[in-house]
Each structure stands twice: as structure tokens, then as C-alpha cells.
Amino acid sequence: MYLNGQQLTTNLHFQDHAESCIPVQVYYQNVHKDIGFIENYTLYFIKVNNTFYNRNTHVFLSRPGY
């Protein structure tokens, strides 16, 4: 179970969210960039709403119930 606003950092976090269709919120330098479902993920990028976000420069938060 993930808490609303919990930061996602591991492949397991991203896999759980992708498989369970739990939305994620994307931030870059404390600025909201996007919210949606994970379409794909690798060691370096997370794809949300057909956009690739770098895992090293963006922050991903869990948004269950959004």
C-alpha cells in the first residue's frame, strides 16, 4: 500500500504503480510537471502521458485515489 504523496524511487515502486494503474505526480525542481499513469519505465526514464521523464532529475510521487 502506498501513501498519497509517497516518493517513488525503486523499480518495484514503478512496477506496482504501472500494474495497478495507480497515478503518479511528476515534479522537476519542486515544480509540478505532470500527473498520470506510468506507461513504461527503465533504469533511467519513466514514461507518463507519452512523455519520458528522467529518473535522476525528476521526482515521482504516488497519488492513489486521484
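Report on the accompanying structure. Since the model is a prediction, treat every value here as computed from it, not as a measurement.

Now for the side chain of H17. Along the chain, H17 falls in helix α1 (residues 11-20). Among the polar contacts made by the side chain of H17, one reaches the main-chain carbonyl oxygen of H13 at a distance of 2.9 Å. When near neighbours in sequence (up to four residues on either side) are disregarded, H17 contacts Y2, L8, I22, P23, V24, I38 and S62.

Pairing is antiparallel across the open sheet formed by four strands, whose spatial order is β1-β7-β2-β3. At either end of the open sheet lies a strand with only one pairing partner, and these are β1 (7-8) and β3 (31-36). The sheet contact formed by β1 and strand β7 (residues 59-62) spans two bridges and is antiparallel. Residue pairing in the sheet places L8 in a bridge with F60 of β7.

What follows deals with the packing of aromatic side chains. Evaluation of the coordinates by the stated rule reveals two aromatic pairs. With a centroid separation of 5.5 Å and an interplanar angle of 90 degrees, the aromatic rings of F14 and F60 are classed as edge-to-face. In this pair, F14 is assigned in helix α1 and F60 in strand β7, connecting sequence segments 46 residues apart. With a relative accessible area of 1%, F14 lands in the buried category. By relative accessible area, F60 is classed as buried at 2%. Summarising the aromatic geometry, the rings of F45 and F52 are spaced 6.5 Å apart at their centres and angled 90 degrees between planes, so their arrangement reads as edge-to-face. A relative accessible area of 36% places F45 in the partly exposed class.

About the criteria used
- Residues numbered from 1 in each chain as written.
- Predicted model: local features only at pLDDT ≥ 70, side-chain atom pairs only at ≥ 80, totals over all residues.
- Heavy atoms only, no water.
- Helix = DSSP H or I, 4+ residues; strand = E, 2+ residues; numbered from the N terminus.
- Polar contact = N/O pair within 3.5 Å; in protein donor to acceptor, adjacent residues only side chain to side chain.
- Contact = heavy atoms within 4.5 Å.
- Pairing = 2+ DSSP bridges.
- Phe/Tyr/Trp six-rings, centres within 6.5 Å; stacked < 30°, edge-to-face > 60°.
- Buried < 20%, exposed > 50% of the residue type's maximum accessible area, 1.4 Å probe, protein only.

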